[in-house]
Amino acid sequence: MMEWAIELGYKKMVLETGELLAESCAVYKKLGFQVIPSYGSYEDMPESLCMAKDLSFPAESMDLKRGYRIKTYEKIETGGRDYLCYHTMEKAAGGKGVYEG
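All residue numbers refer to positions counted from 1 along the written sequence of the respective chain. Local features in a predicted model are, by the rule used here, given only for residues with pLDDT of at least 70; side-chain atom pairs are given and counted only at 80 or more, and totals for whole chains, interfaces and linings are based on all residues. Side-chain numbers here rest on the full set of heavy atoms in the structure, without hydrogens or water.

1. As for the nonpolar core
And then number 1: Judged by nonpolar contacts, Met2, Ala5, Met13, Leu15, Cys25, Phe33, Leu49, Met51 and Leu55 together constitute the single largest core of nine residues.
And then number 2: Put simply, DSSP H or I for four residues or longer makes a helix, DSSP E for two residues or longer makes a strand, and each gets a number counted from the N terminus. Those elements that provide at least two residues to this core are α1 (2–7), β1 (12–18) and β3 (48–54).
And then number 3: Residue contacts are defined here by distance: any two heavy atoms, one from each residue, within 4.5 Å place the two residues in contact. When sequence neighbours within four positions are dropped, the list of residues in contact with Met13 reads Met1, Met2, Ala5, Phe33, Met51, Ala52, Lys53 and Leu55. For this analysis, a nonpolar core means a set of buried residues of the types Ala, Val, Leu, Ile, Met, Phe, Trp, Tyr and Cys, connected via side-chain atoms within 4.5 Å. For every residue, the accessible area obtained with a 1.4 Å probe (protein chains only) is divided by the maximum for its type, and the residue is called buried under 20%, exposed over 50%, and partly exposed between those limits.

Structure below.
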């Protein structure tokens with residue numbers, strides 16, 4: 001779904017899940033989603049967990065297809081409302097990464 005959103009030109013993906021769905025939350029975090037303040041009808045639902053992902057990393061999609069996985073997502077405030085965002089990636093177990101020698 002993320003690849004489709006990138007192809008359509010979306011820059012951000014937002015979702016809602018629940019804190020009780022620990023496995024789902026873990027998958028989303030592994031994919032680089034960050035917890036955000038609850039929005040809309042979810043604002044008054046304490047069990048609701050809203051998350052978002054910046055989709056402006058087109059190289060990430062290519063690396064995921066090549067057998068890499070996201071290890072960490074870093075977001076550094078550089079002043080004002082500007083941020084430097086990046087992922088560190090590693091070859092997934094059994095992945096066929098193109099960066100191997």
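That was the structure; now back to the text.
2. Things to note about the sheet that holds β3
And then number 1: Any two strands with at least two DSSP-identified bridges between them are counted as paired. The strand order across the open sheet built from three strands is β1-β3-β2, with neighbouring strands paired in antiparallel fashion. The open sheet has two edge strands with one neighbour each: β1 and β2 (34–36). Pairs of neighbouring strands in the sheet enclose a mean axial angle of 40 degrees, with direction left out of account.
And then number 2: On top of the sheet, helix α2 (residues 22–30) reaches β1, β2 and β3; it is set at about 160 degrees to β1, its chief contact. Lines are fitted to the C-alpha atoms to define the axes, a helix being fitted only along its stretch in contact, and any angle between axes, read from their N-to-C directions, falls within 0 to 180 degrees.

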